[in-house]
Amino acid sequence: MNPDVNQRAADNIRILAMAMVEKSKSGHPGGAMGGADFIHILFSEFLNFDPNDPSWINRDRFFLDPGHMSPMLYSILTLTGHFTTDELKNFRQWGSPTPGHPELDIMRGIENTSGPLGQGHTMAVGAAIAERFLVARFSDLFTHKIFTFISDGGVQEEISQGAGRLAGFLGLNNLIMFYDSNDIQLSTETRAVTAEDTAMKYQAWGWNVIKIEGNDQTQIRKALTSAVNEKDKPTIIIGKTIMGKGLLDNEGKSFERKCSTHGMPVSEAGGSFEKSLINLGGSIADPFQIFEEVEQFYKNVLNEKGKTASEWKKRKADWASKNPELDKKLQFFYSGMVPEIDYKAIQQKEGSATRAASSTVLGVLAKKVENMIVASADLSNSDKTDGFLKNTHAFSRGDFSGAFLQAGVAELTMAAVMNGMALHGGVIAASATFFVFSDYMKPALRLACLMRLPVKYIWTHDAFRVGEDGPTHQPVEHEAQLRLMEHLKNHHGDNSMVVLRPADSLETSVAWKMAMDNKKTPTALILSRQNIKDLPSDINDRYSDSLNSEKGAYIVQDCRVKPDIILVASGSEVSTLVEGAVLLRKDNLNVRIISAPSEGLFRNQSDVYRKSIMPDNVPVFGLTAGLSVTLLGLVGPKGTVCGMNSFGYSAPYKVLDEKFGFTAENVYKQVKEYLAKYKV
């Protein structure tokens, strides 16, 4: 091992990180410079990957938590051949593959989109669970490591408690985390905000804790060797690093350990870019230079990585020849496909709550979809994911033969963990809790949308009909918030997620079909606590009717002539509209009823289809248990919506229906008043 080339490589990373930020006049150089020694030793000596096959299923994964340290990641990935120096020069610019925070790109070595602190290392926990799950089903041949990098801010974010507790509880010995402890934050030193003993905290959670000088490559190497050989616990390596290592000021004095270099170019922070560049062995004429000896060193590294991957693939081919059925299953798992399921054959109980209907489907999925993992935030018997759990068992320390994660009361942690499972590949991830607690999950949900992860969200107790629990547990504004995510497009031009609120049990079966078929984005299922009357079917085939949900909205009941009024809703309100329509028809009104489980999918349909459902110049009345704004986009500028515009109250749900006007009689009254005004 040549100590000089290793130091040169780390300094090369520091220079590239500093130069990127300097050229773009924006970014975070200090932390990237401090972490350079660790990232170099990790990628060159410990991280297994195939330079010729970036999506190799048995590669070790590296999850970056502090996305602001993207200059460090882009720099090391340039040394490994994933980026060019020209792309580094375009850091943070329009259309650049090197944005200010890393965005998922497996082919370029980026395993996760990161930015909101705390989520990156929590995704790593999910990936570690996925690895254990797959090893339990195939063999130890598929063992690999999940490495992650966290900063002071990530440790402070509350999500780190959930991630630390869960990883320690499950004994994820395949998880190795480097804590870049440089004692500097964006606006203060860390001592201004915390005095906790991080090592004791992780020890209490059951982690293997190693303390080192984070810029000492010999100590880094020794710590990583110990962590890789750990058999029982996840490992955290607490490395005391130097923020802005190698920086000098204009007088040539040390400019290390400064808050200013956390979030601005060195020259703007008060240091000297030129003097620092020379101090680190760089060239003022070409700050983006890759040192010749470092370039040759990494060519050798990549050659060895390729050999190691090739040797594994030979062992895998031998395993496949001896286990053809298992190999076929493995390939199917990683394809992202799901087996054929006859959703129509799933027997639903008449008049079920949609959470109960979901439970019935989950019971089938547990038996049919062998790589599906379901998680619940201490609510499996209430969100009815116990339909899945009854056909498997929960993960426990050393036992990942089941397929259920009891996440505990930690909704944000659970959501980020499911993202990590999806990122790892080979598994299908779903998680559940009460709809009102989707608030806790929004940051991870947003990242799932950005990364196009097909995670399934099961949210029950969908409205004020939670009843006696009172307004703290009654979602009112939540559906409107989620519908906005259907409006937002991701970078591929797709709706960033699909939101489904089924109107009865068979529509729930179809909603699950849609969720399992959706491999491009997250899917949300919003489900009722209370029983719902099954909707009528003119063809006596409610399942076939419900398949029209795939278009986002469809006609449940129609009239033979042009309608006088169109009634639209989603979820349990559709059955209320059916009851109200009975009264309206007694006044000789022609009524059309529409179920609209997904506004986003409906908007994707052709103008011809949308106008065939909701033609122009026909009055539209919407009913929603959420904010009135939830349906305003559907009813149009001349339409009207009866909804909730205040928090709920504590009472049995039937009382609340009466008090809030979610009854057939009030639908009749509201529609008549609306039509009287509409004619004017």
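Heads up: these notes are all about the structure in this document. (Residues numbered from 1 in each chain as written. Predicted model: local features only at pLDDT ≥ 70, side-chain atom pairs only at ≥ 80, totals over all residues. Heavy atoms only, no water.)

1. Considering the overall build of the chain
Using the following cut-off: Counting from the N terminus, the helices are the DSSP runs of H or I reaching at least four residues and the strands are the DSSP runs of E reaching at least two. Computation of the radius of gyration draws on C-alpha atoms alone. For the globule rule, the value is 2.2 Å times the number of residues to the power 0.38. Relative accessibility under 20% of the residue-type maximum defines a buried residue, over 50% an exposed one, and the middle range a partly exposed one, all with a 1.4 Å probe and only protein chains included. Whether two residues are in contact is decided by their heavy atoms, any of which lying within 4.5 Å being enough. Note on charges: Lys and Arg go in the positive column, Asp and Glu in the negative column, and His and the chain ends are not counted at all. To locate a charge, the coordinates of NZ of Lys, CZ of Arg, CG of Asp or CD of Glu are taken.
Broken down by element type, the chain carries 27 helices and 16 strands. Taken against the 2.2 N^0.38 rule, which gives 26 Å for 680 residues, the C-alpha radius of gyration of the chain at 28 Å falls within 12% of a compact globule. Along the three orthogonal principal directions, the C-alpha set of the chain runs to about 90 × 60 × 45 Å. Expressed as a percentage of its 680 residues, the buried residues of the chain come to 61%. Residue pairs in contact within the chain that sit at least 24 positions apart in sequence constitute 76% of those at least 6 positions apart. On the chain, the mean spot of the 74 positive side-chain charges and the mean spot of the 79 negative ones are 3 Å from each other.

2. Observations regarding the nonpolar core
Threshold: In this description, a nonpolar core means a group of buried Ala, Val, Leu, Ile, Met, Phe, Trp, Tyr and Cys residues linked to one another through side-chain atoms lying within 4.5 Å.
Counting residues in each nonpolar core, the largest one holds 105 residues, and the members touching the most others are Ile129, Leu365, Met372, Leu405, Met421 and Trp512. The greatest single-element share of this core, amounting to 10 residues, is contributed by helix α6 (residues 119-137). Apart from residues lying up to four places away in sequence, leucine 365 is in contact with Ile341, Tyr343, Met372, Phe388, Trp512 and Met516. Core analysis: the second largest hydrophobic core is formed by 60 residues, Ile41, Ile76, Ile110 and Val294 among them.

3. Points about the side chain of aspartate 180
Note the cut-off: Salt bridges, as used here, are contacts in which a Lys or Arg side-chain nitrogen is within 4 Å of a carboxyl oxygen on Asp or Glu. Whenever two N or O atoms come within 3.5 Å, that pair is a polar contact, provided that in protein one can donate a hydrogen and the other can accept it, and provided that, for residues adjacent in sequence, both atoms are side-chain atoms.
Following the sequence through the fold, aspartate 180 ends up in strand β3 (residues 175-181). Although buried, aspartate 180 forms no salt bridge, and the nearest oppositely charged side chain, arginine 14, lies 8.7 Å from it. A polar side-chain atom of aspartate 180 sits 3.1 Å from a polar atom in the side chain of asparagine 182.

4. A closer look at the packing of helix α13 (residues 292-322) against helix α14 (residues 324-335)
For clarity, the threshold we go by: As a rule, the C-alpha atoms of each element are fitted with a line to give its axis, helices using only the stretch in contact, and angles between N-to-C directions run from 0 to 180 degrees. Our angle categories are set so that under 35 degrees counts as roughly parallel, over 145 as roughly antiparallel, 65 to 115 as roughly perpendicular, and the remainder as oblique. All residues other than Ala, Val, Leu, Ile, Met, Phe, Trp, Tyr, Cys, Pro, Asp, Glu, Lys and Arg, Gly among them, are scored as polar; the first ten of these are nonpolar and the last four charged.
Two elements in contact, α13 and α14, have axes separated by 5 Å at closest approach and are oriented at 120°. Comparing their axes, α14 and α13 come out oblique. On the side of α13, the interface is formed by Lys316, Trp319, Ala320, Ser321 and Lys322, while α14 contributes Pro324, Leu326, Asp327 and Leu330. Grouping the amino acids of the contact of α13 with α14 by side-chain chemistry returns 5 nonpolar, 1 polar and 3 charged.

5. A few points about the pattern of salt bridges
Working definition: two side chains of opposite charge can pair if their charged atoms are close together. The full count for this structure, using the stated rule, is 41 salt bridges. The salt bridge partner of aspartate 86 is lysine 89, with a shortest N-O separation of 3.8 Å. In this pair, aspartate 86 and lysine 89 are both assigned in helix α5 (residues 85-89), 3 residues apart and thus about one turn of the helix distant. Note on lysine 89: relative accessible area 31%, which makes it partly exposed.

That's the geometry; what it means functionally is another story.
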